[in-house]
Structure formats: structure tokens, C-alpha cells
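# Commentary on secondary and tertiary structure
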Amino acid sequence: MSAQRIGVEVSQAIAIATRLANVDVVSAYPITPQTHIVEDIAELVANGELDASYIPVESEHSAMSACLGSSAVGARTFTATAGQGLELMHEVLYVASAMRLPLVMAVANRALSAPISIWGDHSDVMAVRDTGWIQIFAANGQETFDNVLCAFRIGEDHRVLLPVMVHLDGFFLTHMIEPIYIPEQSEVDRFLPPYQYPLPLDPDKPLSMGGMGAPNIYTETKKAQEVALVAAKEVILEAWGEFNNIFGRNYSPVEGYHCEGAKVLLLAMGSFSETAMSAIDALRDEGKEVGLIKLRLWRPFPFEEVRQVVKGAEVLIVLDRALSFGGPGGPVCSELRSALYHEDKKPKVIGFVGGLGGRAITIDGFKEIINRGIEISQKGSEQEFEMFGVRE
Amino acid sequence: MAKPEGELTWKDLEIGAIVTEPGSASQYQTGDWRTEKPIIDLDKCNQCGLCYLFCPDAAIELNGEGYPEADLFYCKGCGICATECPKKAITMVEEEE
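Residues numbered from 1 in each chain as written. Chains lettered and ligands numbered in written order. Predicted model: local features only at pLDDT ≥ 70, side-chain atom pairs only at ≥ 80, totals over all residues.

## Some words on the overall build of chain A
Of regular secondary structure, chain A possesses 13 helices and 15 strands. Each principal axis of the C-alpha distribution contributes one length, and for chain A these read about 70 × 55 × 45 Å. By the burial criterion, 51% of the 392 residues in chain A qualify as buried. Within chain A, residue pairs in contact and separated by at least 24 positions form 81% of the contacts whose partners lie at least 6 positions apart. (Helix = DSSP H or I, 4+ residues; strand = E, 2+ residues; numbered from the N terminus. Buried ≥ 20, exposed ≤ 12 C-beta atoms within 10 Å, placed from the backbone. Contact = placed C-beta atoms within 7 Å.)

## Notes on the overall build of chain B
For chain B, the helix and strand inventory stands at 2 helices and 4 strands. Its C-alpha atoms give chain B a radius of gyration of 17 Å, clearly above 13 Å, the size a compact globule of 97 residues would have. Seen through its C-alpha atoms, chain B measures out along the principal axes to roughly 50 × 30 × 20 Å. When burial is assessed residue by residue, chain B has 18% of its 97 residues classed as buried. Taking the contacts inside chain B whose residues are at least 6 apart along the sequence as the reference set, 63% of them involve residues at least 24 apart. (Rg over C-alpha atoms; globule rule 2.2 N^0.38 Å.)

## Here's the deal with the sheet that holds strand S15 (residues 386-387) of chain A
All names here are of chain A. A sheet is described by the order of its strands in space; here 6 strands give the open sequence S9-S11-S10-S13-S14-S15, paired in mixed fashion. Strands at the two margins of the open sheet, each flanked by one partner only, are strand S9 (254-257) and S15. Bridge count for strand S10 (residues 264-268) against strand S11 (residues 290-295) is 5 bridges, and the pairing is parallel. Bridging across to S11, Ala268 finds its partner in Lys294. Running at roughly 150° to strand S13 (residues 315-320), helix H12 (residues 331-340) makes contact with S10, S13 and strand S14 (348-353) of the sheet. (Pairing = 2+ DSSP bridges. Axes fitted to C-alpha atoms, helices over the stretch in contact; angles between N-to-C directions.)

## Quick look at the environment of Ile39 of chain B
Residues and elements named next belong to chain B. Note that Ile39 resides in strand S1 (residues 36-40). Distance from Ile39 to Met92, taken between C-alpha atoms, is 6.2 Å for residues 53 residues apart in sequence. In this structure Ile39 touches Thr91 and Val93, once residues within four positions along its chain are discounted.

## Structural notes on the interface of chain A and chain B
Taken residue by residue, the interface counts 18 residues in chain A and 14 residues in chain B. Counting residues per element, the side of chain A that touches chain B draws most heavily on helix H9 (residues 218-247) of chain A, which supplies 4 residues. Class assignment for the residues of the side of chain A that touches chain B results in 10 nonpolar, 5 polar and 3 charged. (Nonpolar A, V, L, I, M, F, W, Y, C, P; charged D, E, K, R; others polar.)

## As for H12 of chain A
Within the span of H12 of chain A, buried status applies to Pro331, Val332, Cys333 and Leu336 of chain A. Next to the buried residues of H12 of chain A lie helix H6 (123-127), S10, S13 and S14 of chain A.

## A closer look at helix H10 (residues 272-285) of chain A
All names here are of chain A. With 14 residues, H10 extends 20 Å from end C-alpha to end C-alpha; this agrees with the ideal 20 Å at 1.5 Å per step. Turning to H10, its buried residues are Phe272, Ser273, Ala276, Ala279, Ile280 and Leu283. For H10, the angular spread of the buried residues around the axis is 105°, confining them to a single face. Elements in contact with the buried residues of H10: S9, S10, S11, S13 and helix H13 (363-379). (Expected span 1.5 Å × (residues − 1). Arc of directions from axis to C-beta.)

## A closer look at unusual backbone geometry
Each neighbour pair has its own omega, and for Thr32 of chain A with Pro33 of chain A the value is 0°, a cis peptide bond. For the peptide bond that leads from Arg299 of chain A to Pro300 of chain A, omega is -5°, which places it in the cis range. Tracing the backbone shows Pro300 of chain A in the loop between strand S12 (297-299) and helix H11 (303-310). The backbone of Asn22 of chain A shows a phi angle near 55°, a positive value even though the residue is not glycine. Among the secondary structure elements, Asn22 of chain A is positioned in the loop between helix H1 (10-20) and strand S2 (25-28). Take Asn22 of chain A: there are 17 C-beta atoms within 10 Å of it, and that puts it in the partly exposed class. A positive phi angle, close to 50°, is found at Ala58 of chain B, a residue other than glycine.

## A closer look at the domain arrangement of chain A
All names here are of chain A. Here chain A is partitioned into domain 1 (4-247) and domain 2 (254-387). Each of domain 1 and domain 2 has a C-alpha centre, and the two are 28 Å apart. With 28 residues of domain 1 at the interface, the matching set in domain 2 holds 20 residues. Secondary-structure elements contributing two or more residues to the side of domain 1 that touches domain 2 are H6, strand S6 (134-137), strand S7 (164-169) and H9. When residues of the side of domain 1 that touches domain 2 are assigned to their parent elements, the largest contribution, 5 residues, is made by H9. Class assignment for the residues of the side of domain 1 that touches domain 2 results in 16 nonpolar, 8 polar and 4 charged. (Domains from an automatic or database assignment.)

## Some points on the pairing of S11 of chain A
Along any regular strand, the residues point their side chains to alternate faces of the sheet. All names here are of chain A. Counting buried positions along S11 yields 6 of 6 residues, so the element is predominantly enclosed. Residue alternation in S11 divides its side chains into two sets, Val290, Leu292 and Lys294 and Gly291, Ile293 and Leu295, and both sets are buried. As a crossover connection, the stretch from S10 through H10 into S11 is right-handed. (Right-handed = clockwise from strand over helix to strand, strands pointing away.)

## Regarding the packing of helix H7 (residues 141-156) of chain A against H9 of chain A
Residue and element names in this part refer to chain A. Running from N to C, H7 and H9 point in directions that differ by 130°, and their axes come no closer than 10 Å. The pairing of H7 with H9 is recorded here as oblique in orientation. Note on packing geometry: the crossing formed by H7 with H9 is right-handed. Contacts between H7 and H9 involve Asp146, Cys150, Arg153 and Ile154 from the former and Ala232, Val235, Ile236, Ala239, Trp240 and Phe243 from the latter. (Parallel < 35°, antiparallel > 145°, perpendicular 65-115°, else oblique. Left-handed = near helix turned anticlockwise from the far one by under 90°.)

## Some thoughts on the packing of H1 of chain A against helix H2 (residues 35-46) of chain A
Residue and element names in this part refer to chain A. Two elements in contact, H1 and H2, have axes whose closest approach is 8 Å; the angle formed by their N-to-C orientations is 40°. Taken together, the axes of H1 and H2 are oblique relative to one another. Every pair of crossing elements has a handedness; the one defined by H1 and H2 is right-handed. Within the contact between the two elements, H1 uses Ser11, Gln12, Ile14, Ala15, Thr18 and Arg19 and H2 uses His36, Ile37, Asp40, Ile41 and Leu44. Residues that form the contact of H1 with H2 fall into these classes: 5 nonpolar, 4 polar and 2 charged.

Here it is as C-alpha cells:
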């Protein structure tokens, strides 16, 4: 490998990934903590290092709308946003997936107002859970960089043709300087073929996208979309496999850490799963049979892989960094309970909500969550879920 | 489009339900939306053509003798023609089905 490992801010690494992917169009509106990503891309374009059109817009709604148009004419398209910006895009996100436009978006996960919080959690992601996008969570800078490249290959595959979000924790990842392997252009070119949309907007071959779907056809369009998203998993696995062949880094929808024989499992997503690994190490040193599940692929949800990795566990503790108000706790925990409901032998699923609005969970914090989760599994709890670290 | 829209399965759809044939809106039976249809009394009609002008869906045509005829494939039954008719020659009647 001729790849260079350099110390670089993760946001800047994303910009480098878009340069190596040779994107054609970027349209974005700056918002903390995504700002560095789009600033760095704007600089690459201004300096002539990336031959792309950079479309400045007055809002995220317009950014996503511009991305639809550019993707529809067959341009490789990238954008990035966070928090409130993702919410302002909301209705257009559904259009991107339903029109099957494979643009790629980095989401610098951020809490939602009010009160105003520029800091990280997963409230923004969970609000767009059902938009029909492929959604991948990165746990560190390298995963973020790698999965931006993978996102183009996955989304643009003619068997998929769906937009892809790559989630990275605001500040915890966006503003972190990490050592990241940056591959050669030739290696990226080998991994990522040029984008060719099968039915692009073209004056010589007129067609209509986003037409009216009357009651007699709307259901069929949604079924087609659902089948496409579920079927995308095979292509995602294939892309990650090919990525491993070329770059030597292996990704999977679900990653187990010391799960073999573990009676108690913790599930976390994004950068917090890295801290949780250290907590698992510490508890293992104390002789506790605990393991960690890092959930990387959020949509399409990897049902089989999740069921496989929790096999044999008695307790599954799920950390959500978003709250479904008045509901059963966090959205991830609900999903896990639902995924395991029909299993004959299944662990008790204990939900925690924590790490909201940028509040860190330390190694000791994760140990506390795991110990409390074990306690709840034995003695029960009066609450559907518990909020970790809240001052009572 | 090989089949009428109402008979297409999800597998028949183009990617993203893209419409590849121009002019396909003409196949779209907006008359499906109707609960009332216009009945035109030709004895009262003075052929002024206001119903023809006001119809928002261009679903009223004037026949060879200058009398209006509603195209029920497209007529949504909004009743604007009946409201505008100065001779009260148009009555909105509930569809039986």
C-alpha cells in the first residue's frame, strides 16, 4: 500500500475523500458542527484541487433540492449537514430516496433545539430514520473517511441507486484530529467506478421524475422502494468486501467486541462505541463476561447479523443518544426489542438514554451503565428506560 | 406504458417511478376523484361558453353545435361550471356508485 497516514481533522478528511471520489457537485449550507467539512471542500474547489461545482445556497432545504437536480442529471453529488439543518432538509430527503438518487451526505450528528445545542447526539439522525436513505454510523475518523468512499460506490451501484448518509458524531469526530490513512488516487479509482445514472435527465431523451402518484400506484412505488433498500445490504457487504481487498480495512453491519460467550452485551453506535470498548476491557479484567456490539449499519437494519451476535446473551443493554418522548425510550432500543421479539431464546433488552446534547460518557460511565443494566435485568425497574447521568 | 397505471405491479415500475413517455398525463383518469357529475340541460343553455372557459381541468368541450359536453374521464366534479352558468342550466348530480 502506498497510502499515507497523516494527522488530519476528520472534517478535512471527509473533504479529501470527496476530492479522491472526484465529486462533480457539492451544494451545502454551513452549520456547526459540519462547517469545517464544507469549508474545506469549498477551499479545494476554489484552489482548483477539486474540479466540482460548489453551489452556495440560502438554506439546507435548497441545498438538498440542488443535490437532487445534480444527481438526476448524472453528476456525482455530495453534501453535509447537522442537527437543525438536517431537519430543514426533511421533506426533500424523502424525495431523494423515492426518486432513487444516489447522492452522499455526511451528517455531523447534533442535538435538536430547544434549548439550542450545537453539540452532538443522535436526535437529528433518529428524526430522519424513516426517510429511506442508507445510513451508516462511523465510530472514528478512519471509518468516516472510508465510508464516504464506500457510500458513493454503494449508492451509485445500479442494483441500489439510493442516497447514503454517513453519520459521524458532531465535535467528538468532526473536530478531532486523528491519524488517517489517505489512499492514492489510483487505488480509489480502482474501488470507485465513475457514476452513471441509468435514466438521467437529458433534453435528448425527455423523461419526468417525481410525478404524481395517485392512490392506484403510490403503494406500488413504496413497495419498490422498500425492496430496493432491503436488497441494498448485499451490495453494501460486497462493497465493504472489495474495500477490504484493496485497502485492508474490514467493515461489517454489526461488529462484536468480546461477544463470544458474553452473557451481558452493550450496544452502542458511533464514536461512543470506541469509549465503550475500553469499559468492556476494564470489566473483563474484573472477570465479568461482558461484550460490546457496535451497530454500524442502521438502514437497512441488519436483522440477521444482530440476531446472530446476541445469540447466547442473557442481557442486552442498549444506549440511545436520542429520546422518543413519551415512548419506550430510545429508538435504537425499540428497534432491538422488535428485532428480537420473535426469537425463542432472547436476552432481556434494557434501555438507557444518555450522551444527550454533547454530554460525554466516560469509561467509568459505561461501566456504571453496564452494572446498572445487569441490576435492572435481575431486579427489574419501574421505568421503561433510564436516563443515564441525569441530575435528579 | 404497456399496462394502464392501475394494473402495474411494483416490479413493472421504472427506477424511482420515472415516467419515460411524454404526454402520459392524458392517461390519468382524474374523473376518479369525482363524487358529483355535471348534467347539462340543453333547453336552458344559451351556448355562452362560460362553463367551457371556467372549467379548471379543460374537461368541458363545445360540440359541433356549440353546446358544452363534460368529459367524465377528466371531470373532477368541482361544480365550478354549475356555479358560473348564468342560465342555471348545469346541475351537479351525485354519482350513483
